[in-house]
Amino acid sequence: MKLGFLLFDYFPFGGLQRDCLKIARLCASRGHEVTIFTRTWQGERPPEVNVELFGRCGFSNVSRNRAWLEQLAHTLPQRGLDGVIGFNKLPGLDVYYGSDPCYAAKVERLKPPWYRWLPRFKHFKALEEAVFAHGRTTQILVLTEQEIPRYEKFYGTERERFHVLPPGIVRRNFTPEEKQNARLRVRREQDWPADEQLLLLVGSGFRVKGLDRAIRSLAALGLQRAPGILPGPASETRQVAGGTLNERPLNETTRAHPRLVVIGQNRPGEFARLARQLGVNDRVHFLGGRHDVFDWLLAADLLFHPAYSEAAGMILLEALAAGLPVLTTDTCGYAFHIERANAGRVLSSPFDQTGCDRSLEEMLASPKRAEWSQNALSYAASNDLYSCHERAVEIIERALATKSAR
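My aim in this report is to walk through the structure given alongside it, one point at a time. Computed from a prediction, not measured in an experiment: that's the story for all the values here.

In this section: the sheet that holds strand S11 (residues 259–263). One open sheet accounts for 6 strands, arranged S12-S11-S8-S13-S14-S15; its pairing is parallel. Edge positions in the open sheet fall to strand S12 (284–288) and strand S15 (344–347), since each of these has one partner strand only. The sheet shows a mean angle of 20° between the axes of neighbouring strands, taken without regard to direction. Bridging between strand S13 (residues 302–305) and strand S14 (residues 326–329) involves 3 bridges; their strand directions are parallel. Bridge assignment links Leu 303 to a residue of S14, and that residue is Val 326. Set on the sheet, helix H11 (residues 314–322) makes contact with strand S8 (198–202), S13 and S14; between it and S13 the angle comes to about 170°. Together, S8, S13, S14 and S15 form the strand contacts of helix H13 (residues 353–365), whose direction differs from that of S15 by roughly 180°.

Encoded structure:
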């Protein structure tokens with residue numbers, strides 16, 4: 001079959017982008033002719049998949065999207081495609097791969113009422129409705145059950161159109177010696193002490209991943225004292241965003257000065273400013289997008305992922321495969337895996353910054369960290385966290401065969 005894959009923009013460090021490319025390559029390996037239609041492409045182009053670039057036209061996300069939709073409406077009918085698979089919410093899709101949460105539900109939960117009058121909201125709501133409205137035929141691939149009731153609530157989407165995929169991380173094998181070597185190597189390369197504690201946050205959308213929450217929790221550990229705040233010998237008054245915490249004892253982990261390592265393709269901007277304002281800028285390190293994320297998962301002491309909203313959260317499962325304890329929020333679709341594995345903690349909604357601060361401090365000091373790590377490895381070895389993309393290809397082929405017969 002001739003297949004068209006639609007994606008706003010490709011860059012090598014986005015989870016959705018990697019999923020798109022993996023599924024495209026699998027389709028090509030099964031004899032299909034695949035073209036990825038996208039506005040921009042960063043990195044190497046796969047030889048087995050065609051890439052057609054449109055460029056980005058417009059001064060805002062909405063105007064750029066509208067320009068691309070017009071280009072697609074003119075181009076796709078000329079290509080003789082047997083099926084169109086979208087990795088963003090777009091009209092005219094045969095299959096949609098849904099890694100994003102329900103936009104309407106997210107706006108209802110996080111935005112004020114007036115936000116619904118903005119052109120931005122109306123634009124993205126219309127794109128979502130084009131996929132999920134009752135009566136559409138688009139088959140919908142989702143990563144968790146969590147989002148399905150939300151789409152049913154807002155759009156009346158038929159349940160039979162949803163297909164829940166297993167996760168799709170890469171299966172990893174490593175020895176304890178390799179894990180220890182990675183731990184020492186990354187610290188040596190950064191010129192940090194060998195026993196330095198590292199918190200890791202991974203994701204290209206810093207805002208939605210909760211980086212501001214993570215920086216506030218780091219500051220709340222009392223690592224850096226703001227001018228005029230004098231700590232006592234065993235306790236301190238700590239200045240954090242939103243007020244001053246009461247005095248309470250500092251444990252030895254707090255005195256160990258962990259670092260927060262941030263990996264992801266995003267501009268530090270406001271988050272670097274927040275770190276400076278809270279006095280922890282020398283303990284927050286923005287490393288950009290990287291291809292050695294798994295080495296950092298092996299090397300870190302804790303994955304800190306206090307996300308605002310996350311349909312899945314593949315990095316949580318990558319952490320399990322690396323034996324890395326996790327502190328995350330229940331708004332992540334894959335957070336239930338952390339609870340089932342007993343490999344860390346999941347913060348309940350509504351989010352409480354003080355509770356997050358306390359959980360971070362307690363986890364860093366907990367004697368259960370070795371147990372959490374072993375639980376994570378056992379869970380990753382005994383559960384299917386790996387076959388997402390193969391299953392997606394099977395559903396795409398079946399959906400397009402049904403369409404052809406119809």
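Once the structure has been displayed, the description carries forward.
Here, the word disulfide means a covalent bond between the sulfur atoms of two cysteines. For the structure on display, the rule yields 0 disulfides. The thiol sulfur of Cys 27 is not disulfide-bonded, and the nearest other cysteine sulfur, from Cys 20, lies at 9.8 Å. The buried category is assigned to Cys 27, whose relative accessible area is 0%.

Another aspect to go through is the environment of Leu 316. Mapped onto the elements of the fold, Leu 316 is located in helix H11. Considering only alpha carbons, one finds Leu 316 and Leu 81, 235 residues apart in sequence, at a separation of 36 Å. Dropping the residues within four chain positions of it, Leu 316 is found in contact with Leu 303, His 305, Val 326, Thr 328, Cys 332, Tyr 334, Ala 335 and Ile 338.

Take the packing of aromatic side chains next. Under the counting rule described, the total for this entry stands at 19 aromatic pairs. Note on Phe 174 and Phe 294: the rings are 6.0 Å apart at their centroids and 65° apart in plane angle, and the pair reads as edge-to-face. Taken together, the residues Phe 174 in the loop between strand S7 (162–164) and helix H6 (176–189) and Phe 294 in helix H10 (residues 293–299) connect sequence positions 120 residues apart. Ring geometry for Trp 192 against Trp 296: centres 6.4 Å apart, planes inclined by 70°, an arrangement best described as edge-to-face. Highlighted residues: Trp 192 in the loop between H6 and S8 and Trp 296 in helix H10, separated in sequence by 104 residues. Among the aromatic side chains, those forming a connected cluster through ring pairs are Tyr 96, Phe 132, Tyr 151, Tyr 155 and Phe 162. Stacked on the ring of Tyr 115, the Lys or Arg Lys 111 has its end atom at 5.1 Å from the ring centre. In this arrangement the basic side chain of Arg 172 is found over the ring face of Phe 294, its NZ or CZ atom lying 4.3 Å from the centre.

Cut-offs applied
- Residues numbered from 1 in each chain as written.
- Predicted model: local features only at pLDDT ≥ 70, side-chain atom pairs only at ≥ 80, totals over all residues.
- Heavy atoms only, no water.
- Pairing = 2+ DSSP bridges.
- Helix = DSSP H or I, 4+ residues; strand = E, 2+ residues; numbered from the N terminus.
- Axes fitted to C-alpha atoms, helices over the stretch in contact; angles between N-to-C directions.
- Contact = heavy atoms within 4.5 Å.
- Disulfide = S-S within 2.5 Å.
- Buried < 20%, exposed > 50% of the residue type's maximum accessible area, 1.4 Å probe, protein only.
- Phe/Tyr/Trp six-rings, centres within 6.5 Å; stacked < 30°, edge-to-face > 60°.
- Lys NZ or Arg CZ within 6 Å of the ring centre and 35° of its normal.

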